Amino acid sequence: MYRFLLTPRWWGINVFVLLAIPVCVFMGSWQLGRFEDRVQAHDTAQEQADRQAAPSHTDAKARPLDSLLPVSAETSGERVSATGRYGKQLLVPDRELDKRTGYYVLTLLRTDSGKELPVVRGWLPGTPGDASAAKAPAAPSGEVTVTGALQASESPGSNGVSATGGLPDGQLGAISAASLVNLVRGDVYDAWVTLEKGDSGMKAVPAVAPENSGLDLKAFQNLGYTGEWFVFAGFVVFMWFRLFRREREFARDAALGLLPEGAEPGGSAAAEVRGA
């Protein structure tokens, strides 16, 4: 009754099932692992934010800039210090703080190493059209030592960063080395610092968590894909058993001489595949 399992067609079906199930299980497990990694990153970022908000963190000694580079999920938000002289000043418009629209005042600090460090000295209220370099307080002259939170370079469309271009001279959309490379001379750090105390009466810009460290839409997409792959694996098993049952019934009817005239072996399974 089960000799049909040895036919070439069923060999093909069985090989497909034996390959499809492990692939579906592997992909589902991989997507689940990605979701768990994002949950772990979220928990780590939350613990780090709580630690940085504690009074003991602000009292801790700031670490040298170069000792925390390149910026990672572990070093983002850490208290850092750098020494140099302020130079070119830019404005970063369309930034929210306390539910109000305004702009960051960003000044490049030429450090002792000769590289330029973007430093956000503070935030001022105003619409993008009001962002004027003349309204921004001038940076202190002479050598200064800045202390603040280390931040990773921004990318357009993330953490409220505008993806629009065509900004006026003296304005910047995203704080990153890639955005600054054509605006300043010399090398630029692939990082920036937001001062822990706003300069010249400006409001301090709080540090933000690094990208891809929260339970965002991508995390739940991973969870949804996990369910889809496991459903696919179950569907493959279900279809195999359904085809097997139909073929077995067909073989039993053939052995009892109950097949209708003109019926061919394997007809019901083939019809099932076509119907699926």
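Everything numeric here is computed off the predicted structure, so don't read it as measured data.

Asks: Before we go on, may I ask you to explain the overall build of the protein in this structure?
Replies: Along the protein, the regular secondary structure elements total 5 helices and 6 strands. Put simply, the protein runs from its N terminus to its C terminus through helices and strands in the order α-α-β-β-β-β-β-α-β-α-α. Relative to its 276 residues, the protein shows a buried fraction of 36%. Considering only intrachain contacts with a sequence separation of at least 6, the fraction spanning at least 24 residues in the protein is 67%. Carbon and sulfur atoms make up 57% of the accessible area of the protein, which totals about 15,900 Å².

Asks: Help me out: how do you make sense of the pattern of salt bridges in this one?
Replies: Think of it this way: side chains of opposite charge can pair up when their charged atoms draw near. One pass over the full model with this rule turns up 6 salt bridges. Two residues, Glu247 and Arg9, come together in a salt bridge whose shortest N-O distance is 3.4 Å. Here the residue Glu247 occupies a position in helix H4 (residues 217-255), and Arg9 occupies one in helix H1 (residues 8-53), the gap between them amounting to 238 residues. Two residues, Asp199 and Arg121, come together in a salt bridge whose shortest N-O distance is 3.0 Å. Of this pair, Asp199 sits in the loop between strand E6 (191-195) and H4 while Arg121 sits in strand E4 (residues 116-125); the two residues are 78 residues apart in sequence, bridging distant segments of the chain. Grouping residues by exposure puts Asp199 and Arg121 together as buried.

Asks: Honestly, the environment of Gly87 in this entry has me stumped. Any pointers?
Replies: Following the sequence through the fold, Gly87 ends up in strand E2 (residues 79-97). Its relative accessible area of 47% is what places Gly87 among the partly exposed residues. On a C-alpha basis, the gap between Gly87 and Glu116 in space is 8.8 Å, while along the polypeptide they are 29 residues apart. In this view, Gly87 contacts Thr107 and Leu108; residues no more than four positions away in its chain are not counted.

Asks: Looking at this structure, how should I read the pairing of E2?
Replies: Each regular strand shows side chains that alternate between the opposite faces of the sheet. In this structure, strand E1 (residues 63-64) lies alongside E2, joined through 2 bridges in parallel fashion. The partner of Arg63 across the bridge, within E2, is Val80. Across 7 bridges, E2 lies against strand E5 (residues 143-152) in antiparallel orientation. Bridge pairing in E5 links Ala82 to Val146. Across 10 bridges, E2 lies against strand E3 (residues 100-111) in antiparallel orientation. Bridge assignment links Leu97 to a residue of E3, and that residue is Arg100. With antiparallel pairing between neighbouring strands as the criterion, E2 and E3 make up a hairpin whose turn holds 2 residues, including Asp98 at a positive phi of roughly 55°.

Asks: Explain the environment of Glu36 to me, please; I cannot follow it from the model alone.
Replies: Turning to its location among the elements, Glu36 is positioned in helix H1. What makes Glu36 partly exposed here is its relative accessible area of 47%.

Asks: How should the packing of aromatic side chains be read in this particular structure?
Replies: Describing an aromatic ring pair means giving the distance of the ring centres and the angle of the ring planes. Counted according to the given criterion, the structure contains 5 aromatic pairs. Taking the centre distance of 5.8 Å and the plane angle of 85° together, the rings of Trp229 and Phe232 count as edge-to-face. Of this pair, Trp229 and Phe232 both sit in helix H4, separated by 3 residues, roughly a single helical turn. Where Trp240 meets Phe244, the ring centres are 5.2 Å apart and the plane angle is 5°; that geometry is what we call stacked. In this pair, Trp240 and Phe244 both sit in helix H4, 4 residues apart, roughly one turn of the helix. Three or more aromatic residues link up through ring pairs in this structure, and these residues are Trp10, Trp240, Phe241 and Phe244.

Asks: Which parts of the structure should I look at to understand the confidence of the model for the protein?
Replies: In low-pLDDT regions, the fine details of the predicted coordinates are not to be read closely. Mean pLDDT over the protein works out to 81, with 79% of the residues at or above the 70 mark. When mean pLDDT is compared element by element in the protein, E4 scores highest at 94, while helix H5 (residues 267-275) scores lowest at 46. Note on residues 268-276: pLDDT under 50 across the span, and 11 contacts to partners over four residues away in sequence or across chains.

Asks: Quick question: what am I supposed to make of a nonpolar patch on the surface here?
Replies: A surface patch of nonpolar side chains, about 450 Å² in accessible area, is lined by Leu6, Trp11, Val15 and Leu19. If you trace the backbone, Trp11 turns up in helix H1.

Asks: Please explain the environment of Ala136 as it appears in this structure.
Replies: Within the secondary structure, Ala136 is located in the loop between E4 and E5. For the pair formed by Ala136 and Tyr103, sequence separation is 33 residues and the distance between their alpha carbons is 9.8 Å. In this structure Ala136 touches Gln89, Leu91, Val105 and Leu124, once residues within four positions along its chain are discounted.

Asks: Help me out: how do you make sense of H4 in this one?
Replies: Turn by turn, an α-helix covers 3.6 residues, leaving residues three or four places apart pointing in a common direction. In a regular helix each residue adds 1.5 Å, so 39 residues correspond to 57 Å; H4 covers 57 Å between its end C-alpha atoms and thus fits that length. Listed in full, the buried residues belonging to H4 are Ala219, Asn222, Thr226, Ala233, Val236, Met239, Leu243, Phe244, Glu247 and Phe250.

Rules used in this analysis
- Residues numbered from 1 in each chain as written.
- Predicted model: local features only at pLDDT ≥ 70, side-chain atom pairs only at ≥ 80, totals over all residues.
- Heavy atoms only, no water.
- Helix = DSSP H or I, 4+ residues; strand = E, 2+ residues; numbered from the N terminus.
- Buried < 20%, exposed > 50% of the residue type's maximum accessible area, 1.4 Å probe, protein only.
- Contact = heavy atoms within 4.5 Å.
- Areas by Shrake-Rupley, 256 points an atom, 1.4 Å probe, with all protein chains shown as cover.
- Salt bridge = Lys/Arg side-chain N within 4 Å of Asp/Glu carboxyl O.
- Pairing = 2+ DSSP bridges.
- Phe/Tyr/Trp six-rings, centres within 6.5 Å; stacked < 30°, edge-to-face > 60°.
- pLDDT = per-residue confidence, 0-100.
- Patch = residues over 30% accessible without salt bridge, like charges linked within 9 Å, V, L, I, M, F, W, Y side chains within 5 Å.
- Expected span 1.5 Å × (residues − 1).

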